[in-house]
Amino acid sequence: TEYSKTPIHNAAWRSSTATLDLYLEEGERLKKLGGRHAGIDFVNIIATGEGNQGKTPIFYALTRSREAMVRHLMERWNAHLLVVNNKGQTPVSIALSHLSEETCAEMIAREEAQLRAGGSFVNYRESHSDGRKYGDLDSRFVIDEANMGEDIAEDMAAYASIRDTLPNVNGIPV
């Protein structure tokens, strides 16, 4: 489900895990009541505000380097990691420059498990790109013209040289 940035996104970005839990627990309560909230996956709710398309709450925690919040979203709420936002970033690609090696390894393992369980990436860069240049891109996905500078071209060539040696799940190197 897609929404402009919600209080849940803001809680992941700036609040405590307790505040986030209050929102998510209330979301679960509303889902059980049925009606218009019945099909909403609150922990993985997609932001659609300008420049934020494809960002779930975990993206907001990642961009603030909120390691405890990221771990909480994964461990308590089983946050989905199979999203490419409008900038071409995935939770794992952002984590690599924002979080500890231990948490990155956990995220990579969870991403692989989600793929092995039959999940697939939803790519908002393909559908909602603003055509701007960004960092922390996930090189497993097409890098568009706006982001293909000399610096990224070298990284992509290095990645291409090892891509075929990486384990593969559902067509995605992990």
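None of the values given here were measured: they were computed from a predicted structure.

Quick notes on the rules
- Residues numbered from 1 in each chain as written.
- Predicted model: local features only at pLDDT ≥ 70, side-chain atom pairs only at ≥ 80, totals over all residues.
- Heavy atoms only, no water.
- Helix = DSSP H or I, 4+ residues; strand = E, 2+ residues; numbered from the N terminus.
- Contact = heavy atoms within 4.5 Å.
- Areas by Shrake-Rupley, 256 points an atom, 1.4 Å probe, with all protein chains shown as cover.
- Buried < 20%, exposed > 50% of the residue type's maximum accessible area, 1.4 Å probe, protein only.
- Arc of directions from axis to C-beta.
- Core = buried A, V, L, I, M, F, W, Y, C linked by side-chain atoms within 4.5 Å.
- Axes fitted to C-alpha atoms, helices over the stretch in contact; angles between N-to-C directions.
- Parallel < 35°, antiparallel > 145°, perpendicular 65-115°, else oblique.
- Salt bridge = Lys/Arg side-chain N within 4 Å of Asp/Glu carboxyl O.

Caption draft 1: Representation of the overall build of the chain in the model. Looking only at helices and strands, one finds eight helices and six strands in the chain. Residue pairs in contact within the chain that sit at least 24 positions apart in sequence constitute 66% of those at least 6 positions apart. Carbon and sulfur atoms make up 50% of the accessible area of the chain, which amounts to about 9,000 Å² in all.

Caption draft 2: Main features of the environment of P91. Topologically, P91 is positioned in helix α5 (residues 91-98). As a C-alpha pair, P91 and T63 span 28 residues in sequence and 9.4 Å in three-dimensional space. Those residues in contact with P91, other than ones at most four positions away along the chain, are I58, F59, L62, L81, V83 and M107.

Caption draft 3: Helix α1 (residues 7-14), seen in detail. Buried within α1 are the following residues: I8, H9, A11 and A12. Projected down its long axis, α1 carries its buried residues within an arc of 160°, all on one side. Those residues of α1 hidden inside the fold are in contact with α2 (17-33), β2 (46-47), α3 (57-63) and α4 (67-75).

Caption draft 4: How the structure looks around the environment of T17. Mapped onto the elements, T17 comes out in helix α2. For T17, the contacting residues outside a window of four places in its chain are A68, M69 and H72.

Caption draft 5: How the structure looks around the nonpolar core. Membership of the largest hydrophobic core comes to 29 residues, with the highest contact counts inside it found for L20, I58, L62, V70, L73 and M107. Setting aside residues no more than four positions away along its own chain, L20 makes contact with I8, A11, A12, M69, H72 and L73. L82, V84, F121 and I172 belong to the second-largest nonpolar core, a separate cluster that totals seven residues.

Caption draft 6: Summary view of the side chain of T90. Its location among the elements puts T90 in the loop between β3 (83-84) and α5. Not counting chain neighbours up to four residues away, the residues in contact with T90 comprise F59, V83, V84, F121, D138, R140 and F141.

Caption draft 7: Layout of α4. Within α4 the residues assigned to the buried category are M69, V70, H72, L73 and M74. The inward-facing, buried residues of α4 abut α1, α2, α3 and α6 (101-116).

Caption draft 8: Representation of the packing of α5 against α6 within the structure. Viewed as axis vectors pointing N to C, α5 and α6 meet at an angle of 170°, and their least axial separation amounts to 9 Å. When the interaxial angle is binned, α5 and α6 end up roughly antiparallel. Across from P91, V92, A95 and L96 in α5, the residues of α6 making contact are C104, M107, I108 and E111.

Caption draft 9: Quick look at the pattern of salt bridges. In the structure shown here, the tally under the stated rule is nine salt bridges. A salt bridge links E28 to K31, with the shortest nitrogen-to-oxygen separation between them at 3.7 Å. One end of the pair is E28 and the other is K31, both in helix α2 and three residues apart, which spans about a single turn. Look at E28 and you get partly exposed, because its relative accessible area is 30%. Overall, K31 belongs to the partly exposed group, its relative accessible area being 25%. Here E112 ties to R116 by a salt bridge, and the two come within 2.7 Å at their closest N and O atoms. Note that E112 and R116 are positioned in helix α6 at a spacing of four residues, about one turn of the helix.

Caption draft 10: Inspection of the environment of A47 at higher detail. Topologically, A47 is positioned in strand β2. Classification of A47 by relative accessible area gives buried; the value is 0%. Between the alpha carbons of A47 and T6 there is a distance of 7.4 Å; along the sequence they are 41 residues apart.

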